[in-house]
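The residues making up each chain are set out below.
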Amino acid sequence: MMSLKWLIYLFLVPLASSLYFHMWETDVKCFVEEVPDETMISGKYKVEVYEDKTEQFVIKDGIGMHVDIKDPENKIILSKYYQNEGQFVFTTHLPGEHKICLSPNSTRWFSGGSRLRVHLSIDVGEHANDYKTDSSKGEAK
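Parameters at a glance
- Residues numbered from 1 in each chain as written.
- Predicted model: local features only at pLDDT ≥ 70, side-chain atom pairs only at ≥ 80, totals over all residues.
- Heavy atoms only, no water.
- Core = buried A, V, L, I, M, F, W, Y, C linked by side-chain atoms within 4.5 Å.
- Buried < 20%, exposed > 50% of the residue type's maximum accessible area, 1.4 Å probe, protein only.
- Helix = DSSP H or I, 4+ residues; strand = E, 2+ residues; numbered from the N terminus.
- Contact = heavy atoms within 4.5 Å.
- Polar contact = N/O pair within 3.5 Å; in protein donor to acceptor, adjacent residues only side chain to side chain.

Enquirer: Lay out the nonpolar core with the relevant residues and their values.
Expert: Counting 23 residues, the largest nonpolar core has Val 67, Phe 88, Leu 102 and Val 118 as its most contacted members. Looking at this core, the elements with two or more residues in it are β1 (16-24), β2 (29-35), β3 (40-51), β5 (65-70), β6 (76-82), β7 (85-91), β8 (96-104) and β9 (115-124). Ranked by residue count, the leading element in this core is β9, at 5 residues. Setting aside residues up to four positions removed in sequence, Val 67 forms contacts with Leu 78, Ser 79, Lys 80, Tyr 82, Phe 88, Cys 101 and Leu 102.

Enquirer: Describe the environment of Ile 122, naming the residues involved and giving the relevant values.
Expert: Take Ile 122: it is sitting in strand β9. For Ile 122, a relative accessible area of 4% puts it in the buried group.

Enquirer: Could you give an account of the side chain of Asn 84, with specific residues and numbers?
Expert: Within the secondary structure layout, Asn 84 lies in the loop between β6 and β7. Judged by its relative accessible area of 12%, Asn 84 falls in the buried class. Here the side chain of Asn 84 touches Lys 60 through a polar contact of 3.0 Å, landing on its backbone oxygen. Not counting chain neighbours up to four residues away, the residues in contact with Asn 84 comprise Tyr 45, Lys 46, Val 47, Ile 59, Lys 60, Asp 61, Ile 63 and Gly 64.

Written out as structure tokens, the structure reads:
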């Protein structure tokens with residue numbers, strides 16, 4: 001009976017991962033998601049900049065994020081600039097490892113620039129659907 005409860009629990013756990021990480025303005029950070037074909041993936045992020053005066057991370061305008069997503073054949077699925085907080089959504093067409101890369105839209109070439117904290121959440125499958133957005137468009141899913 002106990003193993004049946006755990007099995008049910010495992011099926012009810014959403015396929016999502018959330019984290020935050022630090023990077024510099026000139027860095028590129030990549031993540032790999034192994035997913036089947038025809039699967040929706042949604043990512044949400046927020047970028048904060050470290051302020052020396054307050055010794056805290058704060059949201060500032062002017063620092064956005066460039067998102068590159070490549071399929072298992074290394075073909076670009078998505079390549080787009082976003083604001084300091086945003087969301088990207090795509091559907092896979094091939095099974096396998098999909099590479100999601102984030103890089104700040106900094107104009108600095110050499111020095112590290114500001115230290116950043118990036119909050120990232122990736123949802124895979126039916127959990128990637130944003131029902132609030134879908135219902136506002138009048139679409140029933």
